[in-house]
Amino acid sequence: MVTNDSPVLPPLRTARAPRPVRGRLILLGPAFVAAVAYVDPGNFATNSTAGARYGYLLVWVVVAANLAAMLVQTLTAKLGLATGRSLPELCREHLPRPLNRVMWAQAELVAMATDLAEVIGGAVALYLLFGVPLLPGGLIVGAASFAILALRARGFRTFEIAIAVLLGVIVLAFAVNLVSAQPDVSDAAAGLLPRMQGTDSMLLAAGILGATVMPHVIYVHSALTPNRLPAEGEAQRRVVAKGLRVDVLIALGIAGAVNLAMLLVAASSFHGTSIPGTDTLEGVHAGLATTLGTAAAVGFAVALLLSGLASTSVGTYAGEIIMQGFLRRRIPLLIRRMITLLPALAVLAIGVDPTRALVLSQVVLSFGIPFALIPVVMFTRRRDLMGSLVNRRATTAAAVTITAFVVALNAFLLWQLAA
């Protein structure tokens, strides 16, 4: 048995070496899988709509949501490392059985809402790029996700690298568009001041939050970190925990910059103009072609397609983790893919506005956040589970504040919808 005083194992020794960059890279990866879900098609819809309708008003929501996501993903990564189990597994072990079944049911609904956004977004991208009708496009996106998922057979490192490459292309596309759009820096800075303009802006804020702090990725991230490196004992786990924090800061920092770029490009290009339909993905694409040129529009559509393909793969993997963790059951991947694909195909078949469906799916996701956050906070504050990685009081207080804000926002939205 390896103890706290045992020699550091080879992968950790490499990670702690003073010179090689490769050593640091060993500890990176899980957060990049999470990060691609933070720039999924739902983010395209909510951020672009927010920028087109309200200009720079909701910049602060994007920034605050990303900071909250960094804390949340750090906690869930640490939870998996310290306990060796995923969040759904811990819920099954420590929560009453009826509550565990409720948690499983809502987590499955969250996974379906996630898949709805990702498949619809990918289908819209195929239509914008190649003129493929939305329903066949949805089928193509659903089928293509298997190719990315198949990379897991070669090990999670290959899967993580593939996701990181797709994320890199998305980043490049929005970096180019941001430079071309030249947003007003002073107005963007003014958008950091928290404020709202009516219920519609609140709805969009909830959508941005739901599209940024993704419940299903909380489950996924907790499953990616156990046994990632052969670290045993408190000293070695602290080394890995430090690397996981860096992983989260880099990956979600990149995702946050992309989300902010989405809003800034839309605000600079569309807000206050007479360009029609810029609160839809199709309208954003057409508007970018008008204001920034064809290359900007193609870059937007390519980024949207890659986002849909990558994030739907992560979403399907999340469904596996959810069922296996909460119920200790597993169904064939093909069957799961078809079940979660059906709602998206139904929306495409009946002709619901894709952007509206995307925004509403993100609001649904925001209602699932507390169900994932509350157990994470509960478990990470327990020393008997976490050992030396237990939360500090300030960390727990920050996590509780975020959870309380999400619950309050959801309660307000329910009250508004019922009024």
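Just above, that's the structure.
Described in the following lines is the structure provided in the data block. Along each chain, residues carry numbers from 1 onward, in the same order as the chain's sequence is written. Since the coordinates come from a predicted model, pLDDT governs what is reported: local features require at least 70, and pairs of side-chain atoms require 80 or more to be given and counted, while whole-chain, interface and lining totals use all residues. Note that the side-chain values use all heavy atoms of the structure and ignore hydrogens as well as water.

Even without being a glycine, Q182 presents a positive backbone phi close to 50 degrees. Buried residues are those whose accessible area, probed at 1.4 Å on protein chains only, stays under 20% of the maximum for their type, while exposed residues exceed 50% and partly exposed ones sit between those limits. Judged by relative accessible area, which is 65%, Q182 ranks as exposed. Despite not being glycine, R328 has its phi angle at roughly 60 degrees, a positive value. Helix numbering and strand numbering both begin at the N terminus, where a helix is a DSSP run of H or I of at least 4 residues and a strand a DSSP run of E of at least 2. Looking at where R328 falls in the secondary structure, it is placed in the loop between α15 (294–327) and α16 (333–350). Overall, R328 belongs to the exposed group, its relative accessible area being 64%.

Among the 10 residues of helix α12 (residues 215–224), nine are classified as buried, and the element is accordingly described as predominantly covered. Taken residue by residue, α12 has P215, H216, V217, I218, Y219, V220, H221, S222 and L224 as its buried positions.

This part is about the packing of aromatic side chains. Centres within 6.5 Å are what make two rings of Phe, Tyr or Trp a pair, Trp counting through its six-membered ring; a difference in plane orientation under 30 degrees is then read as stacked, over 60 as edge-to-face, and the rest as tilted. The final tally for this structure, using the stated rule, is four aromatic pairs. Where Y219 meets F326, the ring centres are 6.0 Å apart and the plane angle is 80 degrees; that geometry is what we call edge-to-face. In this pair, Y219 sits in helix α12 while F326 sits in helix α15, placing the two residues 107 residues apart along the sequence. Comparing Y219 with F326, the two get one shared label, buried. Within the aromatic cluster, the residues linked to one another by ring pairs are F44, F174 and F300.

Another aspect to go through is the layout of surface pockets. Put simply, the second largest pocket is a space of about 290 Å³. Here a cavity denotes a set of grid points, spaced 1 Å apart and computed over the protein atoms alone, in which a 1.4 Å probe fits but from which it cannot get out, and a pocket denotes an open set meeting protein on both sides within 12 Å along at least five of seven lines; residues with an atom within 4 Å of a point are reported as lining. Forming the walls of the second largest pocket are 14 residues, and the residues nearest its centre are T74, K78, R245, L389 and T395. Contributions of two or more residues to the lining of the second largest pocket are made by α5 (59–83) and α13 (234–270). Here the lining of the second largest pocket takes five residues from α5, the largest share from any one element. Side-chain classes are defined by residue name, with Ala, Val, Leu, Ile, Met, Phe, Trp, Tyr, Cys and Pro counting as nonpolar, Asp, Glu, Lys and Arg as charged, and the others, Gly among them, as polar. Tallied by class, residues from the lining of the second largest pocket come to six nonpolar, four polar and four charged. Grid points are joined across faces, edges and corners, and a volume is the space filled by probe spheres set on the points.

Like charges within 9 Å and nonpolar side chains (Val, Leu, Ile, Met, Phe, Trp, Tyr) within 5 Å are joined into patches, using only residues over 30% in relative accessible area that form no salt bridge. All accessibility values rest on the Shrake-Rupley procedure with a 1.4 Å probe; residue burial counts only the protein chains present in the view. Salt bridges are defined by distance alone: a side-chain nitrogen of Lys or Arg within 4 Å of a carboxyl oxygen of Asp or Glu. On the surface, I161, V165, V169, V298 and V302 cluster together to form a nonpolar patch covering roughly 360 Å² of accessible area. Broken down by secondary-structure element, the contributors of at least two residues to the nonpolar patch are α9 (156–181) and α15. Among the elements that make up the nonpolar patch, the one with the highest residue count is α9 (three residues). Along the polypeptide, V165 turns up in helix α9.

Glancing now at the nonpolar core. Remark: nonpolar core denotes a set of buried residues (Ala, Val, Leu, Ile, Met, Phe, Trp, Tyr, Cys) joined through side-chain atoms within 4.5 Å. In this structure, F44, L58, L87, I120, F174 and F326 are the most contacted members of the largest nonpolar core, which totals 134 residues. By residue number, the principal contributor to this core is α15, which donates 17 residues. Any pair of residues with heavy atoms lying within 4.5 Å of one another is described as a contacting pair. For I120, the residues in contact, after removing those within four places along its chain, are A344, V347, L348, P354, A357 and L358.

On to the pattern of salt bridges. Summed over all chains, the structure comprises three salt bridges. The partner of R85 in a salt bridge is E93, with the nearest N and O atoms 2.9 Å apart. Assessed through its relative accessible area of 25%, R85 is described here as partly exposed. Between D384 and R382 there is a salt bridge, and its shortest N-O distance comes to 2.7 Å.

Here the focus is the side chain of N66. Mapped onto the fold, N66 is located in helix α5. Polar contact is defined as a pair of N or O atoms within 3.5 Å, subject to the rule that within protein one atom must be able to donate a hydrogen and the other to accept it, and that residues adjacent in sequence are counted only when both atoms are side-chain atoms. Among the polar contacts listed, one links the side chain of N66 to the backbone oxygen of L252, at a separation of 3.2 Å. The residues touching N66, leaving out its near neighbours within four places in the chain, are T212, L252, G253, A255 and G256.

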